[in-house]
Amino acid sequence: MESVNGSVLSVKGFIDGSIGIEDGVVVELSKKKAADPAATGIVLPAFCNAHTHLGDAFIRMKLEGTVEQLFGPPSGLKHRMLAKATEKEVVSGIEGAIKTMVHGGTGSFWDFRETGIDGARMLFKGCLGIGIEPVCMGRPKAMEYSKEEVAALLRICDGLGISSMRDWPYSEVQKLSLDARRAGKAFAIHCSEVNREDIDKALDLKPAFLVHMIYASESDLQRCADSSTPIAICPRSNAFFGKLPNIPMMLSKGVTLMLGTDNAMLNTPSMLREIDFAFRAAKLQGDVSPADIVRMAIRGRKGLSAPDNSGFRIGDRARLAVLDVPAGKDPYSDVLRATDADVALVWLGEERWQRQEKESRREKPRKSESGRPRGSHRNTRRRRR
Ligand SMILES: [Zn+2]
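Given the structure is predicted, the values throughout are model-derived calculations rather than measurements. Each chain carries its own residue numbering, running from 1 in the written order of its sequence. The predicted nature of this model means local features are confined to residues of pLDDT at least 70 and side-chain atom pairs, given and counted, to a pLDDT of 80 or more, with totals for whole chains, interfaces and linings taken over all residues. For the side-chain quantities, the full set of heavy atoms in the structure was used; hydrogens and water were omitted.

## Some thoughts on the pattern of salt bridges
Next, step 1: Definition used for salt bridges: Asp or Glu carboxyl oxygen within 4 Å of a side-chain nitrogen of Lys or Arg. Per the stated rule, a full pass over the model turns up 20 salt bridges.
Next, step 2: Between Asp 118 and Lys 141 there is a salt bridge, and its shortest N-O distance comes to 3.1 Å. On the criterion of sequence distance, the pair formed by Asp 118 in helix H4 (residues 116-127) and Lys 141 in the loop between strand E7 (133-138) and helix H5 (147-156) is long-range, its members being 23 residues apart.
Next, step 3: Residue class for Asp 118 comes out partly exposed when judged on its relative accessible area of 31%.
Next, step 4: Relative accessibility under 20% of the residue-type maximum defines a buried residue, over 50% an exposed one, and the middle range a partly exposed one, all with a 1.4 Å probe and only protein chains included. Owing to a relative accessible area of 52%, Lys 141 belongs among the exposed residues under this scheme.
Next, step 5: In this structure, Lys 253 engages Glu 218 in a salt bridge whose closest nitrogen and oxygen atoms are separated by 2.9 Å. You can see Lys 253 sitting in the loop between helix H10 (247-252) and strand E12 (257-259) and its partner Glu 218 sitting in helix H8 (residues 218-226), a full 35 residues away along the chain. Put simply, DSSP H or I for four residues or longer makes a helix, DSSP E for two residues or longer makes a strand, and each gets a number counted from the N terminus.

Structure follows, in structure tokens:
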């Protein structure tokens, strides 16, 4: 058995002790410290980034404009750039984003993949050989329904992730939702991102979750809570366009919230940055606890039907992140203070990535024997057990 020591987040809260792992499975949660731990710190289930578009990570330029001008299909900047990009450019952008995610403690993500079958294939290519688990939400390449294309998408994707009801005839969105559910896969959709959309129509699609809901009314949010429809919120993305989700209101209605980083061309896919921003954004609008925000960043990792899977149980797969931050009285608050540079170990099943000694990272950058600055990605390592 191998172990990690520290404040370990179990389903019942934090335990000061250790977590024991054997054959990629959590076999022990103990109040005793292990003698030779692989790492020490705050031990969390690896983050689940509930909403990304990694295909646009290759777009690096000053961004100006509205949601529609930047992201709206079919003629927003992102779609124009994707249409003329080579596969190499797109995959290379995805690979960079994946590296950022793993090194920041993320173990899984729900990606809303543009450009049809090709887009899905490029996402899988970018994730090859890395322990991160993509949940690929594909969509038809053009803004039109084709039974054959949707069937092919549903063979290779985990579900369908659509831009918005306003981009499609509603009858076609209904077909997409029905096809996904008939295939036993998820259907999800952006909703109330640039204006309030009809909540009845959105919920009639039986989405696994809705994305954004920043223009939702109190009653819309109540409908989400009552129908057990989670919402994936992306506060940094919304703030770029001058708007924020009302997190305290969403929580007070009893909505299950998940956290996502949205378009990689706009926000680096760091969950710790999103956690920090989400907490501050929520404080602007009411009361929220660090635990509320941290749980949003973990939820979604095992499937959306679990009541609350934001802590370890014996028998869980060992997919965890260890944050090397000074321990205070409330580990959730300590997570809010962490940055990606504090992620000491990310253990994703068979794959592990461990940061080099922290002390050396805190010194001024200096040249290693290879001539590269210490603490660079080249000096970090992923290793197989
Ligand atoms: Zn999105």
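Still more to cover.
## Quick look at the packing of helix H3 (residues 87-103) against H4
Next, step 1: Whenever a helix is involved, its axis is fitted only over the stretch in contact; in every case the axis is a line through C-alpha atoms, and angles between N-to-C directions fall within 0 to 180 degrees. Two elements in contact, H3 and H4, have axes separated by 8 Å at closest approach and are oriented at 50°. Taken together, the axis directions place H3 and H4 in an arrangement best described as oblique. Once H3 is placed against H4, the crossing between them reads as right-handed. Note on element contacts: H4 touches H3 through Arg 121, Met 122, Leu 123, Lys 125, Gly 126 and Cys 127, opposite Glu 87, Val 90, Val 91, Ile 94, Glu 95 and Ile 98. Angle categories: roughly parallel below 35 degrees, roughly antiparallel above 145, roughly perpendicular from 65 to 115, and oblique for all the rest. Crossing chirality is assigned from the near helix's rotation relative to the far helix, an anticlockwise turn below a right angle marking it left-handed and a clockwise turn marking it right-handed. Note on definitions: a residue-residue contact is assigned when non-hydrogen atoms from the two residues lie within 4.5 Å.

## So, the domain arrangement of the protein
As a measure of interface size, the accessible area lost when the parts come together is often cited.
Next, step 1: Each domain span listed reflects an automatic or database assignment of domains. Looking at the assigned domains, one finds that the protein contains domain 1 (2-46 + 308-384) and domain 2 (47-296).
Next, step 2: The straight-line distance from the C-alpha centre of domain 1 to that of domain 2 is 27 Å.
Next, step 3: What gets called buried area is simply the loss in accessible area from a 1.4 Å probe that two parts show on being joined, summed for both. Here domain 1 and domain 2 share an interface that buries about 2100 Å² over both sides, 61% of which is from carbon and sulfur atoms.
Next, step 4: Taken together, domain 1 and domain 2 are joined by two salt bridges.
Next, step 5: Where Glu 133 meets Arg 319, a salt bridge forms, and the shortest distance between an N and an O atom there is 3.7 Å.
Next, step 6: Pairs of N or O atoms are called polar contacts if they sit within 3.5 Å, as long as, within protein, a hydrogen donor faces a hydrogen acceptor (for residues adjacent in sequence, only side-chain-to-side-chain pairs). Where domain 1 packs against domain 2, one counts eight residue pairs in polar contact (both at pLDDT 80 or more).

## Re the packing of H5 against helix H6 (residues 170-182)
Next, step 1: Running from amino to carboxyl end, H5 crosses H6 at an angle of 40°, the nearest separation of the two axes being 10 Å. Looking at the two axes, H5 sits oblique to H6. For the crossing formed where H5 meets H6, the hand is right-handed. Contact with H5, carried on its side by Lys 147, Val 150 and Leu 154, involves Leu 176, Asp 179 and Ala 180 of H6 and no other residues of that element.
Next, step 2: Looking at the contact of H5 with H6 residue by residue, the classes come out as four nonpolar, no polar and two charged. For this scheme, ten residues count as nonpolar: Ala, Val, Leu, Ile, Met, Phe, Trp, Tyr, Cys and Pro. Four count as charged, namely Asp, Glu, Lys and Arg, and the remainder, Gly too, count as polar.

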